[in-house]
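Spelled out, the chains give:
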Amino acid sequence: MIHNVMPPPMKEQRILQAALSRPRWATYKRIAVRHSLDATSLYVWNMQMCGALLSPLHICEIVIRNAVAAALAHAYGPRWPWHPALLQRMPADGALSALQDLHRRSNQQMNTPEIIASLRFAFWQHLFTRRFEGPLWTRSLKIALPNAPQNTVGIVRTTIHADLDRIRQLRNRIAHHEPILERDIGADLAAIGRLIHARCPHTLGWLQRHERATTVLAASPLLGKRR
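Residues numbered from 1 in each chain as written. Predicted model: local features only at pLDDT ≥ 70, side-chain atom pairs only at ≥ 80, totals over all residues. Heavy atoms only, no water.

## Things to note about the environment of His35
Within the element layout of this structure, His35 appears in the loop between helix H2 (22-34) and helix H3 (39-76). By relative accessible area, His35 is classed as buried at 9%. Along the backbone, His35 and Pro221 are 186 residues apart, and their C-alpha atoms lie at a distance of 9.2 Å. (Helix = DSSP H or I, 4+ residues; strand = E, 2+ residues; numbered from the N terminus. Buried < 20%, exposed > 50% of the residue type's maximum accessible area, 1.4 Å probe, protein only.)

Here it is, written out as structure tokens:
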């Protein structure tokens, strides 16, 4: 059996700094000094918060991509990934080019559910740009997001795009193991909640009964220390 003997706190920080890299540890030290906290406890909380956010992010991404897929099917039919009018609106580069890339790279015919599962989060977000307001959202917003706020299509689309951009940035920081200590996690969770609610309030309630992010956020060592 391997016995893990815990070193004294200061020695532990030096060991962790060496293992995790000085630049990475410096971020936590900077925040810790500013708030008179311990860098190790901040690192532990950051890990716990990132892990707890995976469930809300998971549900939000699946709900949104299915909502957008429903809007696309309403506007362009069940084989929307191959519809010429939609493909003509997709630029040759950037997130929206992913659909054409899938067609080019696929050695066999993919069906619509396989394509939906293969497209990245940024693709779905970019479908909320102004380019698609007329051809997609004017006709299909209530099909995709029946509980979206009662406002003009342009305002709702813009708000959803902003919420998705916020969530994409959070998702990317977690995926790349970056600190999220200085983010407004409460605002992130609120954006996730708005998006899920717009599609299905029942699903939001179910998530809220099972997610841990709210509890972990309440235990933040930075709570009450922000300036």
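## Details of the side chain of Arg65
Positionally, Arg65 belongs in helix H3. There is no salt bridge for the buried Arg65, and the closest opposite charge comes from Glu61, which lies 4.8 Å off by N-O distance. Leaving out residues up to four positions away in the same chain, Arg65 has contacts with Ile116, Ala117 and Trp124. (Lys, Arg positive; Asp, Glu negative; His and termini not counted. Salt bridge = Lys/Arg side-chain N within 4 Å of Asp/Glu carboxyl O. Contact = heavy atoms within 4.5 Å.)

## Quick look at H2
With 13 residues, H2 should reach 18 Å at 1.5 Å per residue; the first-to-last C-alpha distance of 18 Å fits that figure. Every buried residue of H2 is listed here: Trp25, Tyr28, Ile31 and Ala32. Seen along its axis, H2 keeps its buried residues to an arc of 125 degrees; they face one direction. Exposed and oriented more than 90 degrees from the buried face of H2 are Arg22, Pro23 and Val33. Capping the start of H2 is the job of one residue whose side-chain oxygen sits 3.3 Å from the backbone nitrogen of Arg24: Ser21. Backbone geometry just after H2 places Ser36 at a positive phi near 55 degrees. (Expected span 1.5 Å × (residues − 1). Arc of directions from axis to C-beta. Polar contact = N/O pair within 3.5 Å; in protein donor to acceptor, adjacent residues only side chain to side chain.)

## Some remarks on the layout of surface pockets
The volume enclosed by the largest pocket comes to roughly 180 Å³. Forming the boundary of the largest pocket are 13 residues, of which Ala148, Pro149, Thr159, Ile160 and Arg194 lie nearest the centre. When contributions to the lining of the largest pocket are tallied by element, the ones reaching two or more residues are helix H9 (153-175) and helix H10 (185-199). Ranked by residues supplied to the lining of the largest pocket, first place goes to H9 with five residues. (1 Å grid on protein atoms, 1.4 Å probe; cavity = no way out; pocket = protein on both sides within 12 Å on 5 of 7 lines; lining within 4 Å. Points joined across faces, edges and corners; volume = space filled by probe spheres on them.)

## Some points on the pattern of salt bridges
This model, assessed by the stated rule, comprises nine salt bridges. Across the pair Arg194 and Asp163 runs a salt bridge, and its minimum N-O distance is 2.8 Å. Residue Arg194 is found in helix H10, and its partner Asp163 is found in helix H9; the two are separated by 31 residues along the sequence. Relative accessible area serves as the criterion here: at 8%, Asp163 is assigned to the buried category. With a shortest N-O distance of 2.6 Å, Asp165 and Arg168 are connected by a salt bridge. Of this pair, Asp165 and Arg168 are both found in helix H9, three residues apart, which corresponds to roughly one turn of the helix. Using a relative accessible area of 21% as the deciding quantity, one classes Asp165 as partly exposed. Of the residues examined, Arg168 reaches a relative accessible area of 23% and is grouped as partly exposed. What emerges from the salt-bridge pattern is a single network uniting Arg30, Arg34 and Glu182.

## Observations concerning the packing of H3 against H10
Helix-helix packing: each pair is described by the crossing angle between the helix axes and the interaxial distance. Packing of H3 against H10 brings their axes to within 9 Å, and their N-to-C directions diverge by 30 degrees. Between H3 and H10, the angle is such that the two are roughly parallel. Considering the relative orientation of H3 and H10, their crossing is left-handed. Facing Met49, Leu53, Pro56, Leu57, Ile59, Cys60, Val63, Ile64, Asn66, Ala67 and Ala70 of H3, the residues of H10 in contact are Ile185, Leu189, Ile192, Leu195, Ile196 and Arg199. Of the residues in the contact of H3 with H10, the class split is 15 nonpolar, one polar and one charged. (Axes fitted to C-alpha atoms, helices over the stretch in contact; angles between N-to-C directions. Parallel < 35°, antiparallel > 145°, perpendicular 65-115°, else oblique. Left-handed = near helix turned anticlockwise from the far one by under 90°. Nonpolar A, V, L, I, M, F, W, Y, C, P; charged D, E, K, R; others polar.)

## Quick notes on the nonpolar core
Counting residues in each nonpolar core, the largest one holds 67 residues, and the members touching the most others are Leu53, Trp80 and Leu145. Ignoring anything within four residues of it in the chain, the contact list for Leu53 reads Leu170, Ile174, Ile180, Ile185, Leu189 and Ala213. (Core = buried A, V, L, I, M, F, W, Y, C linked by side-chain atoms within 4.5 Å.)

## Things to note about the packing of H9 against H10
Two elements in contact, H9 and H10, have axes separated by 9 Å at closest approach and are oriented at 130 degrees. Compared by their axis directions, H9 and H10 come out oblique. Between H9 and H10 the crossing geometry is left-handed. Judged by residue contacts, Ile160, Asp163, Leu164, Arg166, Ile167 and Leu170 of H9 engage Ile185, Ala187, Asp188, Ala191, Ile192, Arg194 and Leu195 from H10. Here the residues of the contact of H9 with H10 sort into nine nonpolar, no polar and four charged.

Function-wise, these values are silent; they only describe arrangement.
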